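Secondary and tertiary structure notes
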Amino acid sequence: MQQISESELVLMKIIWKNGGTALYSYIMEELEKERSGWKKNTVLTLLSRLVEKNFLKTSKIGRRNEYRAVVEEQEYQAKQTQTFLNRVYEGNVSGLVSTLLQQEILSTEELKEIEAFWEKRSSQ
């Protein structure tokens with residue numbers, strides 16, 4: 001899976017939040033809510049790149065473009081997590097978890113949720 005830029009990720013999040021499809025006009029409305037100030041050409045360029053990278057497919061609905069996510073959000077998150085883990089921690093999951101705990105990024109409550117998830121998964 002190719003990498004995408006932070007700006008491309010902003011657009012993907014808008015589309016994922018909308019159930020995996022969005023019209024160009026909806027994307028622009030959401031960007032305006034965030035007061036992004038992005039210009040039409042910038043957004044169209046980013047959407048074109050996402051199509052080229054096979055993250056999106058586009059189809060015409062009358063004269064309007066609809067963008068459909070080819071890559072699901074969970075799939076993207078999983079791949080990026082694996083890439084980060086390999087690049088920064090050389091695949092050492094315990095090193096990552098240790099850092100999260102030492103830096104107090106992972107709360108006790110979140111750790112308990114992870115333990116409960118693991119116990120449930122192990123018993124299946």
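Look up a bit, the structure's there.
This next bit is on the overall build of the protein chain. Scanning the protein chain for helices and strands turns up six helices and three strands. The linear arrangement of helices and strands in the protein chain, starting from the amino end, is α-β-α-α-β-β-α-α-α. Against the compact-globule benchmark of 14 Å for 124 residues, the protein chain has a radius of gyration of 18 Å, which places it well outside the compact range. Principal axes of the C-alpha set define a box for the protein chain whose edges measure 50 × 30 × 25 Å. With 124 residues in all, the protein chain has 25% of them scored as buried. Summarising the internal contacts of the protein chain: among those between residues at least 6 apart in sequence, 48% fall at separations of at least 24. Roughly 9100 Å² of accessible area belongs to the protein chain as shown, and the carbon and sulfur atoms make up 48% of that amount. For the protein chain, the distance from the average site of its 18 positive side-chain charges to the average site of its 18 negative ones is 10 Å.

So, about the environment of leucine 31. Locating leucine 31 in the fold gives a position in helix α2 (residues 24-33). If we ignore the near neighbours within four places in the chain, the residues touching leucine 31 are Val10, Leu11, Ile14, Ser36, Trp38 and Val43.

The strand order β1-β3-β2 describes an open sheet built from three strands, whose pairing is antiparallel. Of all the strands in the sheet, just β1 (21-23) and β2 (56-61) have a single pairing partner and so form its edges. Averaged over all pairs of adjacent strands, the angle between strand axes in this sheet comes to 25°, irrespective of strand direction. Bridge count for β2 against strand β3 (residues 64-69) is six bridges, and the pairing is antiparallel. Bridged to leucine 56 within β3 is alanine 69. Helix α1 (residues 6-17) contacts β1, β2 and β3 of the sheet and is inclined by roughly 90° relative to β3. In the packing of α2 onto the sheet, contacts are made with β1 and β3, and the angle to β1 comes to roughly 85°.

Cut-offs used in this document
- Residues numbered from 1 in each chain as written.
- Predicted model: local features only at pLDDT ≥ 70, side-chain atom pairs only at ≥ 80, totals over all residues.
- Heavy atoms only, no water.
- Helix = DSSP H or I, 4+ residues; strand = E, 2+ residues; numbered from the N terminus.
- Rg over C-alpha atoms; globule rule 2.2 N^0.38 Å.
- Buried < 20%, exposed > 50% of the residue type's maximum accessible area, 1.4 Å probe, protein only.
- Contact = heavy atoms within 4.5 Å.
- Areas by Shrake-Rupley, 256 points an atom, 1.4 Å probe, with all protein chains shown as cover.
- Lys, Arg positive; Asp, Glu negative; His and termini not counted.
- Charge placed at Lys NZ, Arg CZ, Asp CG, Glu CD.
- Pairing = 2+ DSSP bridges.
- Axes fitted to C-alpha atoms, helices over the stretch in contact; angles between N-to-C directions.

These results come straight from atomic positions and should not be treated as a statement about function.
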